[in-house]
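# Structure at a glance
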Amino acid sequence: MTQKLTVLIIEDEHTICDFMAKTLNAHDYKTITAHTGREGLAYLTSSLPDLVLLDLGLPDMDGIEIIKETRQWSSIPIIVISARNQEKEKVGALDIGADDYITKPFGTYELMARIRTAIRHSNKILDDHVNNNRPYSAGGLVVDFEKRRVTVNDKEVHLTRVEYKIVSLLAKNSGKVITYDTIINEVWGPYADDNNRILRVNMANIRRKIEETPGEPKYIFTELGVGYRMLEDENLS
Amino acid sequence: MVKEKLRDIWKKAKLLPSREDDLNKSPLNDWLIFMAVFIGMTLIALTFRSVVQNPDLNITMFYILGNFLVARYTSGYIFGFLYAILSVLLINFLFTYPYHAFNLTLDGYPVTFIAMLAICLVTSVLTTGLKEQARLLIRQEEELMEAQKEKMRANLLRAVSHDIRTPLTGIIGNSESYLEMEKQLSDEEKRNIIENIENDANWLLNMVENLLTVTRINNETAKVNKTLESVDDVVSSAIVRFKKRFPESTVKVTLPEGLVMVMMDPMLIEQVLINILQNAQVHAHSTRPLELAVEEREREVVFAVKDYGIGIEEERLGSIFDGDGTYSQESAADGNKGMGIGLSICKTIVMAHGGCIEAKNHGQGTTFVFSLPKETEEQ
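All figures in this text were calculated on a predicted structure; none of them were measured in a lab. (Residues numbered from 1 in each chain as written. Chains lettered and ligands numbered in written order. Predicted model: local features only at pLDDT ≥ 70, side-chain atom pairs only at ≥ 80, totals over all residues.)

### Concerning the overall build of chain A
- Looking only at helices and strands, chain A features nine helices and twelve strands.
- Residues classed as buried in chain A amount to 34% of the 237 residues present.
- In chain A, 58% of the contacts between residues at least 6 apart in sequence involve partners at least 24 apart. (Helix = DSSP H or I, 4+ residues; strand = E, 2+ residues; numbered from the N terminus. Buried ≥ 20, exposed ≤ 12 C-beta atoms within 10 Å, placed from the backbone. Contact = placed C-beta atoms within 7 Å.)

Written out as structure tokens, the structure is:
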């Protein structure tokens, strides 16, 4: 029998907590629930879960503090649960080390997909060389990192150097949101202009090259005010 | 809009007193203005006299001008009066023969002085009256705007309480009947009940999200926090969210060839797009896929959502964004809940961006069009 993965849920709202625990149990995860930040931190150190679902609005402390404290000693994946309309809070959480976020209200499907992605990316740190060079492939889009080639439905797409950098960054982190700042840092370096116009220009061009209808993207989704998220890799999900 | 702009310009030109000016004004300030004008005019008059021969008439003109200024920039009548009397006396003292002495008995001069005194007094009374009127006008306008705001708020509140109660009634009723009659219900009935609850809950969520967007608009200035955003991103995000709610629907999206960036609050504009699309999806009974097109013009970017449905009566087109026609018999009759506050929120958001929104029939259905002005980041 395989070892069950443990998920720690830190959420003060009991009904939401119950709903997530039930869903996760049904999908063969072990769950621990904590209703306050302190309780959550205690479980984090004592039972070393494989993933944390964290609500930022806790009664006793700011969820951001929990991320900060955890990141001092662990790279355990943290998924933040946040309300829509609070994109600054989301970006803040991602900046200090959260892996991803999920917007309230969410369905079971979305929740499971986020958890799978986060766990997959945390494993990748361990066997980096295996996963990293395997081509990304989803819904007809293939990114071959070794040959630096991008194809859509077997037709080669000609991307500029910068466009390829963006696509490969998103593909390597497929399923996960990547903030504007992270992309700019990775592609143009730390001294790049803060203005993200150049990123938008490149993204518009990429979409016009790889998407059938750029207004209704299949591969690269926009998370308004936060960043971009690429369709999850089929081989890995 | 035009009125406000005009008032701004007037304020800048100091033709109208702004409210802050009036509030900050202290008697000390008035005294300073009074002294400055009086001394300034006297100096000018003295200089003038040393240059020009026989300058008496012109000198009175200077003082009348000074009187006007004093009456305009001080509050109340008192300084205008004081200036008038003092200037008449000073002219007599300094500028009429015999110099440096009062003499009110000279031939013809008393008439001149009395006339000048009268002119000065009338000027000061008229100017002060004008000022008073301007202030009244501004206050009236402010009161009118406040009343309009109040009316909007009341309308919104009424719509909201209606809109919240309806789905809540559905949710509570359905869950109660499930709990009470769980044993008697067939599986299909159970499923039906849960589906109803889900529908109502989704509807409620949509509403709450709409209301939350309004909190992003600054209450005082009715302005939004704009950033330079790509139209691609906003449209694609809106479509993804719309499809999440209506998975079976199709939308034909047409974007401009190149990248278009506009100053906006992207979350708000996304909400506008979703509201319009949902309105079309739920109410229009479109026979063909909805069409969303974005077009870049010289000074604005235009978003248009076109449906091929039943259209909207001409008389409702004008007020459809005001929440007035929301609960008409027509929408009650076709079995759908009213669009509620969605469209009026669209209008609020677009107006806050300095754009405009309208609905029109195109023969085979309705087009909702809104535009956002193109501006640079500095503005």
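Structure shown, so let's carry the discussion forward.
### Re the pairing of strand S7 (residues 366-373) of chain B
Residues and elements named next belong to chain B.
- Where strand S5 (residues 300-306) meets S7, seven bridges bridge the pair, whose relative direction is antiparallel. Across the sheet, the residue bridging to phenylalanine 303 is phenylalanine 370, located in S7.
- Of the pairings in the sheet, the one linking strand S6 (residues 356-361) to S7 comprises six bridges and is antiparallel in character. Across the sheet, residue cysteine 356 finds its bridge partner in S7, namely serine 371.
- Where S6 folds back on S7, the antiparallel hairpin that results is connected by four residues, among which glycine 363 adopts a positive phi of roughly 100°. (Pairing = 2+ DSSP bridges.)

### Some words on helix H5 (residues 78-95) of chain B
- The end-to-end C-alpha distance of H5 of chain B, which contains 18 residues, comes to 25 Å, matching closely the 26 Å that a straight helix rising 1.5 Å per residue would cover.
- Phe79, Gly80, Tyr83, Ala84, Ser87, Val88, Ile91 and Asn92 of chain B are the residues of H5 of chain B that are buried. (Expected span 1.5 Å × (residues − 1).)

### Here we look at the packing of helix H8 (residues 231-245) of chain B against helix H9 (residues 266-283) of chain B
Residue and element names in this part refer to chain B.
- Look at H8 against H9: their axes get within 9 Å of each other, and the N-to-C directions meet at 45°. As the angle between them shows, H8 and H9 are arranged oblique. Of the two possible hands of crossing, H8 and H9 adopt the one that is right-handed. Facing H8, whose interface residues are Asp233, Val234, Val235, Ser237, Ala238, Arg241 and Phe242, H9 presents Pro266, Ile269, Glu270, Leu273, Ile274, Leu277 and Gln278.
- Taken together, the residues of the contact of H8 with H9 sort by class into nine nonpolar, two polar and three charged. (Axes fitted to C-alpha atoms, helices over the stretch in contact; angles between N-to-C directions. Parallel < 35°, antiparallel > 145°, perpendicular 65-115°, else oblique. Left-handed = near helix turned anticlockwise from the far one by under 90°. Nonpolar A, V, L, I, M, F, W, Y, C, P; charged D, E, K, R; others polar.)

### Looking at the interface of chain A and chain B
- With 18 residues of chain A in contact, the opposing surface of chain B contributes 22 residues.
- Contributions of two or more residues to the side of chain A that touches chain B are made by helix H9 (197-210) and strand S11 (220-223) of chain A.
- Per-class residue counts for the side of chain A that touches chain B are seven nonpolar, five polar and six charged.

### With respect to the nonpolar core
- Formed by 52 residues in total, the largest nonpolar core has its most connected members in Ile10, Leu53, Leu54, Ile79 and Val80 of chain A.
- With five residues, the single largest contributor to this core is H9 of chain A.
- Composition of this core by domain shows at least three residues from each of domain 1 (5-124) and domain 2 (130-230) of chain A.
- Other than its neighbours up to four places away in sequence, leucine 53 of chain A contacts Val7, Ile9, Ile10, Glu11, Met20, Ile79 and Ile81 of chain A.
- Formed by 43 residues, the second largest nonpolar core is a distinct cluster that contains Ala159, Val224, Ala352 and Ala359 of chain B. (Core = buried A, V, L, I, M, F, W, Y, C linked by C-beta atoms within 7 Å. Domains from an automatic or database assignment.)

### Quick notes on the sheet that holds S5 of chain B
Residue and element names in this part refer to chain B.
- Strand order across the open sheet formed by five strands is S2-S4-S5-S7-S6, with mixed pairing between neighbours. Every interior strand has two partners, whereas the edge strands, strand S2 (251-254) and S6, have only one. If you compare each strand with its neighbour and ignore which way they point, the axes differ by 15° on average.
- The pairing of S2 with strand S4 (residues 290-296) spans four bridges and is classified as parallel.

### Comments concerning the confidence of the model for chain B
Residues and elements named next belong to chain B.
- Across chain B, pLDDT averages 79, with 84% of residues at or above 70.
- When pLDDT is averaged over each element of chain B, S5 comes out on top at 93 and helix H11 (residues 329-333) at the bottom at 41.
- Across residues 325-336, confidence stays below pLDDT 50; counting only partners more than four residues off in sequence or on other chains, it has 13 contacts.
- Interface confidence for the predicted complex, expressed as ipTM, amounts to 0.83; the pTM equals 0.70. (pLDDT = per-residue confidence, 0-100.)

### Observations regarding the environment of serine 82 of chain A
Residues and elements named next belong to chain A.
- Its location among the elements puts serine 82 in strand S4 (residues 78-83).
- On a C-alpha basis, the gap between serine 82 and leucine 56 in space is 6.5 Å, while along the polypeptide they are 26 residues apart.
- The residues touching serine 82, leaving out its near neighbours within four places in the chain, are Leu56, Glu89, Lys90, Tyr101, Thr103 and Lys104.

### Some details on the sheet that holds strand S7 (residues 141-144) of chain A
Residue and element names in this part refer to chain A.
- With respect to topology, four strands assemble into an open sheet ordered S6-S7-S8-S9, the strand pairing being antiparallel. On the outer flanks of this sheet lie strand S6 (136-138) and strand S9 (155-157), each paired with one strand and no other. Put simply, the sheet's adjacent strands are angled 20° from each other on average, direction ignored.
- Alignment of S6 against S7, held across three bridges, turns out to be antiparallel. For serine 137, the partnering residue across the bridge sits in S7 and is valine 142.

### Re the packing of helix H3 (residues 27-51) of chain B against H5 of chain B
All names here are of chain B.
- Closest axis-to-axis distance for the H3/H5 pair is 11 Å, and the angle between their directions is 25°. In terms of orientation, H3 lies roughly parallel with respect to H5. Between H3 and H5 lies a crossing of right-handed hand. Contacts between H3 and H5 pair Asp30, Phe34, Phe38, Thr42, Ala45 and Arg49 from the former with Phe79, Tyr83, Leu86, Leu90 and Phe95 from the latter.
- Counted by class, the contact of H3 with H5 contains eight nonpolar, one polar and two charged residues.

### What about the environment of glutamate 163 of chain A?
Residues and elements named next belong to chain A.
- Relative to the assigned elements, glutamate 163 resides in helix H7 (residues 161-172).
- With 40 residues separating them in the primary sequence, glutamate 163 and methionine 203 have C-alpha atoms 7.6 Å apart.
- Glutamate 163 has contacts with Asn202, Asn205 and Ile206, leaving out every residue within four places of it along the chain.

### A word on the pairing of strand S8 (residues 149-152) of chain A
Residue and element names in this part refer to chain A.
- Relative to S8, S7 is paired through four bridges, and the arrangement is antiparallel. Opposite valine 142, over in S8, you have threonine 151 as the bridge partner.
- Between S7 and S8, which pair antiparallel one after the other, the connecting turn spans four residues, and arginine 148 there sits at a positive phi close to 50°.
- In textbook terms, the turn of a hairpin is the stretch between consecutive antiparallel strands, and for S8 and S9 this stretch comprises two residues, one of which, asparagine 153, has a positive phi near 50°.

### Things to note about unusual backbone geometry
Residue and element names in this part refer to chain A.
- Here the bond from lysine 104 into proline 105 is cis, since omega is -10°, no more than 30 degrees from zero.
- By the secondary structure assignment, proline 105 is in the loop between strand S5 (100-104) and helix H5 (108-124).
- Even without being a glycine, aspartate 154 presents a positive backbone phi close to 70°.
- Mapped onto the elements of the fold, aspartate 154 is located in the loop between S8 and S9.

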